[in-house]
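Results of the structural survey
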Amino acid sequence: MYKQILTACTLSGALLFHSCSAPASKQEIDIIPQPKSIETHTGHFAVKNNQTIGYADAKLEPAARYLQELLARGTGYTVNVAEGKGDISLSVTADQGIPGAYTLEVTPKEVRITGNTYGGVISGIETVRQLLPPAIENAANAGRNTEWSIPAVSIADAPRFEWRGFMLDVSHHFYTKEEVKQVLDLMALYKLNKFHWHLTDDQGWRIEIKRYPLLTEKGAWRTFNKHDRGCMELAATQDNPDYLLPESKLKIMEGDTLYGGFYTQEDIKEIVAYAAQRGIDVLPEIDMPGHFLAAVTHYSHVSCSDKPGWGKMFSSPVCPGKDEALEFCKNVYSEVFGLFPYEYVHLGADEVEKTNWKKCPDCQKRMRQHGLKDENELQAWFVKDMEKFFNAHGKRLIGWDEILDGGLSPTATIMWWRNWAGDAVPKATAQGNHAIITPNFTLYFDAQQDKKTLRNVYDYEPVPEGLDEKQKSCILGAQANVWCEWIPSFERMQYMTMPRIMALSEICWVEPSSKNWENFRDKMVAHLPRLEEMGVNYRIPDLEGFHSTNAFIGEGTVEVSCIAPGIRIHYTTDGSVPTEQSALYTGPIKVTETTDFTFRSFRPNGKKGDMVKTRYVKSEMAPATEAPAAEDGLKAVWHEYRGSSCKEIESAPVNGEYIVPDVRIPEEVKGNIGLVLTGYFDAPADSVYTFALLSDDGSLLYIDNELIVDNDGPHSPREVIGQKALAKGLHPVKILYFDYNGGKLQMQAADINGVTTPFPASCFKH
Ligand code: ACM
Ligand code: ZN
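Residues numbered from 1 in each chain as written. Chains lettered and ligands numbered in written order. Predicted model: local features only at pLDDT ≥ 70, side-chain atom pairs only at ≥ 80, totals over all residues. Heavy atoms only, no water.

Next up on the list: the sheet that holds strand β13 (residues 256-260). Whether parallel or antiparallel, the strands of a sheet pair through hydrogen bonds between backbone atoms. Taken together, three strands build an open sheet; the order of strands is β11-β13-β12 and the sheet is antiparallel. At either margin of the open sheet sits one strand with a lone partner, and together these are β11 (221-222) and β12 (250-253). Here β12 runs beside β13; their pairing, made up of four bridges, is antiparallel. What sits directly across from Lys-251, in β13, is Leu-258. (Pairing = 2+ DSSP bridges. Helix = DSSP H or I, 4+ residues; strand = E, 2+ residues; numbered from the N terminus.)

Right, let's get into the confidence of the model for the protein. Per-residue confidence for the protein gives a mean pLDDT of 93, with 96% of residues at or over 70. Contacts from residues 1-27, a stretch scored under 50 in pLDDT, to residues over four places away or in other chains number 51 contacts. (pLDDT = per-residue confidence, 0-100. Contact = heavy atoms within 4.5 Å.)

Here we come to the coordination of the zinc ion (ligand 2). The protein atoms donating to the zinc ion (ligand 2) are Cys-304 (SG), Cys-319 (SG), Cys-360 (SG) and Cys-363 (SG), with metal-donor distances spanning 2.2 to 2.3 Å. Bound by four donor atoms, the zinc ion (ligand 2) shows angles of 108 to 112° at the metal and therefore tetrahedral coordination geometry. In the primary structure, the donors to the zinc ion (ligand 2) are separated according to the pattern C-x14-C-x40-C-x2-C. In terms of burial, Cys-360 and Cys-363 fall into one category: buried. (Donors = N, O, S within 2.8 Å, 3.2 Å for Na, K, Ca; no water. Tetrahedral: all angles 85-135°; square planar, octahedral: opposite > 155°, others 65-115°. Buried < 20%, exposed > 50% of the residue type's maximum accessible area, 1.4 Å probe, protein only.)

Compared with an ideal rise of 1.5 Å per residue, which puts 14 residues at 20 Å, helix α3 (residues 118-131) spans 20 Å between its outermost C-alpha atoms and is within 8% of the ideal. In terms of burial, α3 is largely enclosed, as twelve of its 14 residues are buried. For α3, the complete set of buried residues consists of Gly-120, Val-121, Ile-122, Ser-123, Gly-124, Ile-125, Glu-126, Thr-127, Val-128, Arg-129, Gln-130 and Leu-131. (Expected span 1.5 Å × (residues − 1).)

Bringing the pattern of salt bridges into the picture now. According to the stated counting rule, one finds 47 salt bridges in the structure shown. When the shortest N-O distance is used, the salt bridge between Lys-249 and Glu-179 registers 2.9 Å. Here the residue Lys-249 occupies a position in the loop between α6 (226-237) and β12, and Glu-179 occupies one in helix α4 (residues 177-189), the gap between them amounting to 70 residues. Pair check on accessibility: Lys-249 and Glu-179 agree, each one buried. The partner of Arg-418 in a salt bridge is Asp-405, with the nearest N and O atoms 3.9 Å apart. You can see Arg-418 sitting in the loop between β17 (413-416) and α13 (424-430) and its partner Asp-405 sitting in the loop between β16 (396-400) and β17, a full 13 residues away along the chain. Taking relative accessible area as the criterion, Asp-405 reaches 29% and is therefore assigned partly exposed. (Salt bridge = Lys/Arg side-chain N within 4 Å of Asp/Glu carboxyl O.)

This part is about the environment of Thr-594. Looking at the element boundaries, Thr-594 is found in the loop between β24 (589-591) and β25 (595-602). For Thr-594, a relative accessible area of 39% translates into the label partly exposed. Counting along the chain gives 39 residues from Thr-594 to Glu-555, while the straight-line C-alpha distance between them is 10.0 Å. In this view, Thr-594 contacts Phe-552, Tyr-616, Val-617 and Lys-618; residues no more than four positions away in its chain are not counted. Within polar-contact distance, the side chain of Thr-594 engages the backbone nitrogen of Lys-618 at 2.9 Å. (Polar contact = N/O pair within 3.5 Å; in protein donor to acceptor, adjacent residues only side chain to side chain.)

A few words on the sheet that holds strand β6 (residues 111-115). Across the sheet, seven strands lie side by side as β1-β7-β5-β6-β4-β2-β3; this open sheet has mixed pairing. In this open sheet, the two strands that pair with only one neighbour each are β1 (37-46) and β3 (79-83). Neighbour-to-neighbour, the strand axes of the sheet open up by a mean angle of 20°, direction not taken into account. Here five bridges tie strand β5 (residues 102-106) to β6, and the two strands are oriented antiparallel to one another. Counterpart to Thr-103 in the pairing with β6 is Thr-114. (Axes fitted to C-alpha atoms, helices over the stretch in contact; angles between N-to-C directions.)

Where helix α2 (residues 61-75) meets α3, the axes come as close as 10 Å, and the angle between the chain directions of the two elements is 10°. Judged on the interaxial angle alone, α3 and α2 are roughly parallel. Handedness of the α2/α3 crossing: right-handed. In this structure, α2 contributes Pro-62, Ala-63, Tyr-66, Leu-67, Leu-70 and Arg-73 to the contact, and α3 contributes Tyr-118, Val-121, Ile-122, Ile-125, Glu-126 and Arg-129. Taken together, the residues of the contact of α2 with α3 break down into nine nonpolar, no polar and three charged. (Parallel < 35°, antiparallel > 145°, perpendicular 65-115°, else oblique. Left-handed = near helix turned anticlockwise from the far one by under 90°. Nonpolar A, V, L, I, M, F, W, Y, C, P; charged D, E, K, R; others polar.)

Moving on, we get to the pairing of β25. On a regular strand, each side chain points to the face opposite its neighbour's, so the side chains alternate between the two faces of the sheet. For β25, a buried count of seven out of eight residues is recorded, marking the element as mostly surrounded by other parts of the structure. Alignment of strand β22 (residues 568-572) against β25, held across five bridges, turns out to be antiparallel. Across the sheet, residue Arg-568 finds its bridge partner in β25, namely Phe-602. Relative to strand β26 (residues 608-618), β25 is paired through seven bridges, and the arrangement is antiparallel. Counterpart to Asp-596 in the pairing with β26 is Arg-615. Hairpin geometry of β25 and β26 is characterised by an intervening segment of five residues between the two adjacent antiparallel strands and by a positive phi of about 90° at Gly-606.

Across soluble globular proteins, nonpolar side chains have a tendency to be buried as a group. Ranked by size, the top nonpolar core spans 171 residues in total, and within it Leu-90, Leu-168, Trp-197 and Tyr-333 carry the most contacts. For this core, the element with the highest residue contribution is helix α9 (residues 323-339), accounting for nine residues. Discounting residues that sit within four places of it in the chain, Leu-90 has contacts with Ile-53, Gly-54, Tyr-55, Ala-56, Leu-60, Ala-63, Ala-64, Leu-67, Ile-113, Val-121 and Ile-125. Listed in part, the 31 residues of the second largest apolar core include Ala-622, Phe-691, Ile-708 and Phe-764. (Core = buried A, V, L, I, M, F, W, Y, C linked by side-chain atoms within 4.5 Å.)

Let's shift gears to the packing of α3 against α4. One way to put it is that α3 packs onto α4 with a least axis distance of 9 Å and a crossing angle of 90°. Here α4 runs roughly perpendicular to α3, going by the angle between their axes. Contacts between α3 and α4 involve Glu-126, Arg-129 and Gln-130 from the former and Asp-185, Ala-188 and Leu-189 from the latter. Looking at the contact of α3 with α4 residue by residue, the classes come out as two nonpolar, one polar and three charged.

Using the criterion set out here, one finds 37 aromatic pairs in the structure. Ring centres of Tyr-444 and Trp-483 lie 6.2 Å apart, and the angle between their planes is 45°; this geometry places the pair in the tilted category. Here Trp-483 lies in the loop between β19 (475-482) and α17 (490-497) and Tyr-444 lies in the loop between α14 (440-443) and α15 (453-459), a separation of 39 residues in the sequence. Residue classification places Tyr-444 among the buried positions, given a relative accessible area of 8%. Residue Trp-483 is classed as buried on the basis of its relative accessible area of 10%. Ring-pair connections join several aromatic residues into one group, and the members of that group are Phe-546, Tyr-571, Tyr-585, Phe-597, Phe-599 and Tyr-616. Between the NZ or CZ atom of Lys-251 and the centre of the ring of Trp-221, over which it lies, the distance is 4.0 Å. It is Arg-603 that lies over the ring of Tyr-538; its NZ or CZ is 4.4 Å from the centre. (Phe/Tyr/Trp six-rings, centres within 6.5 Å; stacked < 30°, edge-to-face > 60°. Lys NZ or Arg CZ within 6 Å of the ring centre and 35° of its normal.)

Structure, rendered in structure tokens:
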């Protein structure tokens, strides 16, 4: 299996180690995130049996043990650990830089890692790990006759941000202790150092609280919900077992099949210690006052009414008007504080349904008592009351950016996620509050992936424009969040997060001026064999060479490629799901009739990628219309539409009409948006035109009354590309688009690699 990758990947730097005796060349070094400076020297350090890892300070012993485990696993060698100098030596200097910086010196005689903190030493260890062949990751390689060499280098490295985070939601679906440890392993490999553990939500309570046993006895288990059923359906329609609920997370009780699981307090301590050894702080989140259904259902005296359930958008929150409810929240957190040594704790406080509070006499009494003018202020009062309690126990509060609504305390840190609340970070940092950047539209790794997603993460700049230096210094860093409604298995979670974690790692570590997409993409490909050795179910990079609709005149050629090594591509033309028994793509395919292809890539171990459908349409040059001379721009009609399909927009009432210069949302259009743009596309010449329609949420493109791009349905920003052969002149065009709360709409010309450029405004007429 592994050999196959080697032959297919001659350019992959990480693999050249196998044949190395020459001086270390640039190609051999594919470190993610990119170090600040690398100097290569002649020769290698060889890892051999019975070497010693020395540590300068007893505090570094866990780091030495960690490296010992990494080295012993793949080599099968005995690796010793001892205080003092060794063949590999670890030490810490009292450097004032951002925690995580390190220097690494590799000579043929020794390896020296000097961190500015414990975390800095771990960063150095991860660089050494990535300088070793990928085979080091796999115990199956132990005892093989491999040369375990590390190229001679001097590296001086430091992170851009102190906060390099990853959030895992274990409530919507549950991940075991061993699975969480594997998440921490991957985080460490890519120098991520804050593990945000979303432990509770409406769909399941996952942490043992001794004082309130029902939270886990009952709150950790549920009958299948709509997401569980949806996942099982996807397992069938997508032919993907990773969408199945693992049997180990099911149990039968009183005749019902229940889904769930939780961590005992001993499990939590074990995971926190495991993370600490890898230089990772664990940030627990017990989400309240909303997203608290798992608690209010089983302890209903903490809710406003004794019938907690669902409101219009969100679940019944805790009742901040009742003293016993506040006491409940604080008792829960008292136990949490004892399990998590990290100074920060996350209160959640997102998406609160406040209608119950309006009706609740206790809530209204609390508001009168404290002069609070509305329920937003009641929420702010609750957050501040909890923050006082946190602070009294030596903890600092983080909350989702909703904690700004109704007034923020001067010391809380916001976690910005609502990209539609664009003023949250400027506002919070202007007050001197710290912010962690986790926007929904780029850094939510539960969003489905396409050709652009990895690049979108890589290109993302966490510091918003327009902040002054003082505000900038309030940005602690960035974090990706993975919400697991649609991610029922650990395999699926790895698929959604890798390789995006690599891009996250770079934006958290590397200065914007040092970023380089092409270099990063090559390094990402070079890292796939390492993930293969680690058994990580990474997502295969997208197949390239086609759009969702492709037009040809006469005879077309279908040419498909994948940048990842060792990938096999199978396809069907009858709409069925490709399997490993379907036709194997071996080279360009000629088409003379309109043909629908379904492609699917397979990893060397048989694991499947996404299915991609593409249509090759045999075309005639569509004649231009004899429309009367037209004016510039497109006509835009705004309908008051709040729904989930472009096809319904035109039956909604009209709010206004506008002229736009090209495909865009008119400035005046906000809130419930159903938009219909009509006019002509003025083709400058006879040609096949490629239309890239990008929208958040759905959109449709018709040209000459033919559907060319179907990008409909609720979704985050997504681009779909279609083609049509057009004769020079005017062609009727219609674009439908819907969104709630201000999204995105753009149509550009695309080349075969998906690179887009704007159409000149002269192409749009009405
Ligand atoms: C969130 O995504 N509700 C923080
Ligand atoms: Zn209440």
